[in-house]
Amino acid sequence: MAGSFSAHVRRVTVALFVLQLALLPMMAIASDADPEQDFCVADPNNPTIVNGLVCKNPALVNGTDFKSTVLATPGNTNNSLGSMVTAAAAGKFPGINTLGISMARLDFAKGGLVPPHTHPRATEIIFVVEGSLFVGFVSTDGTLFATTLQKGDVFVFPRGLLHFELNVCDGTATAIAALNSQNPGTQIQAVALFNSGIGEVVLEKAFGLGEKAVQKIEYAVEAANKKP
Ligand SMILES: *[C@@H]1O[C@H](CO)[C@@H](O)[C@H](O)[C@H]1NC(C)=O
Ligand SMILES: *[C@@H]1O[C@H](CO)[C@@H](O)[C@H](O)[C@H]1NC(C)=O
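The name recorded for the chain in an unreviewed UniProt entry is Germin-like protein, from Sphagnum jensenii. In the Subcellular location (unreviewed entry) part of its UniProt record, the chain is described as follows: "Secreted, Extracellular space, Apoplast". For the chain, the Sequence similarities (unreviewed entry) comment in UniProt is given as "Belongs to the germin family."

## Re the environment of G75
Inspection of the secondary structure puts G75 in the loop between α1 (2-28) and β1 (83-88). The sequence separation of G75 and V85 amounts to ten residues, and the corresponding C-alpha distance is 6.7 Å. Leaving out residues up to four positions away in the same chain, G75 has contacts with M84, T86, R105 and D107.

## Side note on the nonpolar core
Formed by 19 residues in total, the largest nonpolar core has its most connected members in L106, I126, L133, V135 and F155. Elements with a minimum of two residues in this core: β2 (102-108), β4 (124-130), β5 (133-138), β7 (154-157) and β9 (173-179). Broken down by element, this core gets its largest block of residues, four residues, from β9. With sequence-adjacent residues up to four places away left out, V135 is seen in contact with I126, F145, A146, T147, L149, F155, F157, F164 and E165.

## Notes on the packing of aromatic side chains
What the rule picks out here adds up to six aromatic pairs. Taken together, a centroid distance of 5.3 Å and an interplanar angle of 80° make the contact between F39 and F66 edge-to-face. Placement of the pair is F39 in the loop between α1 and β1 and F66 in the loop between α1 and β1, with a sequence separation of 27 residues. Taking the relative accessible area as the measure of exposure, F39 reaches 30% and is therefore partly exposed. Both rings, one in F194 and one in F207, keep their centres 5.2 Å apart while their planes meet at 50°; by these two values the pair is tilted. Placement of F194 in helix α2 (residues 189-194) and of F207 in helix α3 (residues 200-207) is noted, with a sequence separation of 13 residues between them. Taken together, the ring pairs in this structure connect F137, F145, F155 and F157 into an aromatic cluster.

## Comments concerning the sheet that holds strand β8 (residues 162-167)
Read across the sheet, five strands follow the order β6-β5-β8-β3-β10 without closing on themselves; strand pairing throughout is antiparallel. The sheet is open, and its two borders are formed by β6 (144-149) and β10 (187-188), each paired with just one other strand. Bridging between strand β3 (residues 113-118) and β8 involves three bridges; their strand directions are antiparallel. Note on β8: the bridge partner recorded for H117 is H163.

## Some thoughts on unusual backbone geometry
Positive phi is not limited to glycine here, since T98 has a value of about 70°. On the secondary structure map, T98 appears in the loop between β1 and β2.

## Quick look at the side chain of E124
Along the chain, E124 turns up in strand β4. Buried charge E124 goes without a salt bridge, the closest partner of opposite sign being R159 at 12 Å. A distance of 3.0 Å separates polar atoms of two side chains, one belonging to E124 and the other to H163.

## What about the sheet that holds β4?
Within a sheet, neighbouring strands are paired by backbone hydrogen bonds and run either parallel or antiparallel to one another. Spatially, the five strands line up as an open sheet ordered β1-β2-β9-β4-β7, and their pairing is antiparallel. For this open sheet the edge positions go to β1 and β7, each flanked by a neighbour on one side alone. For this sheet, the mean angle separating the axes of adjacent strands, direction not counted, is 20°.

## Side note on the state of the cysteines
Under the defined criterion, the tally for this structure stands at one disulfide. Disulfide partner of C40: C55, at an S-S distance of 2.1 Å. Disulfide C40 to C55: torsion about the S-S bond roughly -105°, handedness left-handed. Linking C40 in the loop between α1 and β1 with C55 in the loop between α1 and β1, this pair joins segments that are 15 residues apart in sequence. A residue is classified by how much of its surface remains accessible, and C40, at 2% relative accessible area, is buried. Taking the relative accessible area as the measure of exposure, C55 reaches 35% and is therefore partly exposed.

Thresholds, definitions, all that
- Residues numbered from 1 in each chain as written.
- Chains lettered and ligands numbered in written order.
- Predicted model: local features only at pLDDT ≥ 70, side-chain atom pairs only at ≥ 80, totals over all residues.
- Heavy atoms only, no water.
- UniProt positions renumbered as here; feature names shortened; annotations may be inferred.
- Helix = DSSP H or I, 4+ residues; strand = E, 2+ residues; numbered from the N terminus.
- Contact = heavy atoms within 4.5 Å.
- Core = buried A, V, L, I, M, F, W, Y, C linked by side-chain atoms within 4.5 Å.
- Buried < 20%, exposed > 50% of the residue type's maximum accessible area, 1.4 Å probe, protein only.
- Phe/Tyr/Trp six-rings, centres within 6.5 Å; stacked < 30°, edge-to-face > 60°.
- Pairing = 2+ DSSP bridges.
- Lys, Arg positive; Asp, Glu negative; His and termini not counted.
- Salt bridge = Lys/Arg side-chain N within 4 Å of Asp/Glu carboxyl O.
- Polar contact = N/O pair within 3.5 Å; in protein donor to acceptor, adjacent residues only side chain to side chain.
- Axes fitted to C-alpha atoms, helices over the stretch in contact; angles between N-to-C directions.
- Disulfide = S-S within 2.5 Å.

Written as C-alpha cells, this is what we have:
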C-alpha cells in the first residue's frame, strides 16, 4: 500500500515536472528578451536592423540618455476622435532600449475616444491622472470586461487583447500608461481592416456586407482616424 502510494507521488511529481518543461517556452516569450548588459542606449544613427535597436558606445552614455521629455507636453486632441496617445517607446526614448518597458500618456478632449486597438507585445496598465474614463477589453472568447475609472484608479489590459478608453467626464481627461515592452506596437482594428487596402472582397465576406456598405465604412474610418 505504502509502495503504491509513493509510486503515485513519483508519477505526479514527474507529470508536474514535464508540465513545467512544456510551459517554459511560454514563460520565455511573456515579455521582451532579457538584456545582456546593464543598459543599451539606442544609437539612432546606426542603420543596422536587429531585434531591438543597436547600442551606442557605453563610454559616450551619461545621465541625460535615461531621461525623456516626450510625455511632458499634452497631446493635441483637436482631431475627430478627440484623443491623442503620446508614446515614450524605444524609438523616441533610446535609454529604454532592451529594458522591456515603456510609457505613454493618453490625452482626451471631452467625449474623446482611443478607438479599439491591440498591443501585440505588451500588457498595459493605466493610471487616471484627471477625469473619468470608460475602459474595457475583450478576451479571446469574445467576452467584454469593462468598467468606469475615476481619477486615481488603475486598470490593466492583458497583453494582446482588444481594448479602448472613452472619456466620460464633463471636461478633459488624462491617463498615464506603462507597458512591458520597449516597443509594444499598436494596431487600431478599424484602420487595420478598413484603411489598409485589405480588399473589399475580403471585407464583404468577413462582415456579411455589400460593396457599398464596405466602401462607406472605409471612408468613415479614414476620416475618423485622420490626424491633423
Ligand atoms: C551628455 O552627453 C551629451 C552628448 O552626448 C552632452 O550634450 C550632454 O551635455 C552630456 N550631459 C552631461 C550631464 O554630461
Ligand atoms: C482644430 O482644428 C481645426 C482644423 O482641423 C481648426 O480649424 C481649429 O481652429 C482647431 N481648434 C483649436 C482649438 O486648435
